[in-house]
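Here is how the chains run, residue by residue.
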Amino acid sequence: MTHEIAVIPGDGIGQEVTPAAVDVLEAVDADFDFVEGDAGDAVKEATGEALPAETRELAADADATLFGAAGETAADVILPLRDVVGSFANVRPARSYPGLDAVQPDTDLVFIRENTEGVYAGIEAEIDDGVRTLTRVITEDASREIAEFGFRYAKRNGFENVTIAHKANVMRETDGLFLEAAQAVGDSFDIDYDTALMDALAMHLVMRPEEYDVVICPNLAGDMLSDLAAGLVGGLGLLPSANVGEDNALFEPVHGSAPDIAGQGVANPSAMILSAAMLLDHLDYADEAAAVREAVEGVLADGPRTPDLGGDASADDVTAAVVDRL
Ligand code: GGG
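Each value, and the rule that gives it
Residues numbered from 1 in each chain as written. Predicted model: local features only at pLDDT ≥ 70, side-chain atom pairs only at ≥ 80, totals over all residues. Heavy atoms only, no water. Helix = DSSP H or I, 4+ residues; strand = E, 2+ residues; numbered from the N terminus. Polar contact = N/O pair within 3.5 Å; in protein donor to acceptor, adjacent residues only side chain to side chain. Contact = heavy atoms within 4.5 Å. Axes fitted to C-alpha atoms, helices over the stretch in contact; angles between N-to-C directions. Parallel < 35°, antiparallel > 145°, perpendicular 65-115°, else oblique. Left-handed = near helix turned anticlockwise from the far one by under 90°. Nonpolar A, V, L, I, M, F, W, Y, C, P; charged D, E, K, R; others polar. Near = heavy atom within 4 Å. Areas by Shrake-Rupley, 256 points an atom, 1.4 Å probe, with all protein chains shown as cover.

Asker: Explain the side chain of Ser87 to me, and be specific about the residues and the numbers.
Answerer: Considering the arrangement of structural elements, one finds Ser87 in strand S4 (residues 87-95). A distance of 3.3 Å separates a polar side-chain atom of Ser87 from the backbone nitrogen of Val244. Ignoring sequence-local partners within four residues, the contact set of Ser87 consists of Arg82, Asn115, Thr116, Asn243, Val244 and Gly245.

Asker: Report on the packing of helix H7 (residues 198-207) against helix H8 (residues 219-233), specifying residues and quantitative values.
Answerer: Packed helix pairs are characterised by how far apart their axes lie and by the angle those axes make with each other. Interhelical geometry of H7 versus H8 gives an angle of 15 degrees and a closest axis separation of 10 Å. Considering their axes alone, H7 and H8 lie roughly parallel with respect to each other. Judged by the twist between their axes, the crossing of H7 over H8 is right-handed. For the pair H7 and H8, contact is made by Met198, Leu201, Ala202, Leu205 and Val206 and by Ala221, Leu225, Leu228 and Leu232, respectively. Its residues assigned to classes, the contact of H7 with H8 comprises 9 nonpolar, no polar and no charged.

Asker: Please set out the site of the ligand residue by residue, giving values where relevant.
Answerer: Taken together, 16 residues sit near the ligand, with Ala70, Arg82, Arg113, Pro253 and His255 positioned nearest. With respect to the ligand, the side chain of Arg82 contributes an N or O atom lying 2.7 Å from an oxygen atom. One of the side-chain N or O atoms of Arg113 is found 2.8 Å from an oxygen atom in the ligand. About the coverage of the ligand: the protein hides 86% of its 360 Å² of free accessible area.

In structure tokens, the structure reads:
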């Protein structure tokens, strides 16, 4: 069966790493049709619209989407795209790799980030000169849904501990509801869980990441804590993600457009290639997904490596080495 994959490189290094994922998907034993769409800062400059209707339709109609990176127009591109694919959960695994000089070499955890609300609901206003507000939306339904997804994910993947991140002692109404709903779900699962104030959790993750398996987070906390974890394992070039919905999904690296290195060809494609491995898993190509992960691991251990990991290879060199191993 042929699967249609929408490919949306987006901004900055998204243009450089997205073709790497396509090369890898073309190298595995699976049948894909790739359809490319435009989105991002340059498209907005040229057309006035960061996410053209045709690109939305591509993502809506495809079996899955590969997205590269969003820049200044992130709120107009990646948030609506997640909505187009009906994604309520953002899965962000953070693990250290043998042979890499990581701050915390025993890291192996997964953030399950609520993907639709919190402070990313986009409700902002200027209510007076010099006074702006933002409305944080937390609903019982979305909180329950992300917690159910997180606990099921932990069970399915053999993880032993779940942590519910929150700040309910300050955001009493919103995170109070998130925590209450997530705990009710936790109580119905046969799995150990605890709850953690997200600020203290940030410190514990830096000092003892090996104590954590699955961390269920409200939207902004998931975005920030996963970047923090990227710092523990070797940087943002290593963290993939899946935006999962009921019937569709979008896969993207956790990193953004990295304007400081965009155009130089030296962006680390590993996060994007590992996102393609998550896409393979999602479409039931488990063996091919495992082979891609193994190939990436091998290249991370033996090189070539991009400059963020201390090497001097290009994104193309790394991609070619992964494809060779496949
Ligand atoms: N590929 C991820 C990306 O483009 N990140 C930029 C960004 O600002 N993302 C916000 C988010 O992940 O919610």
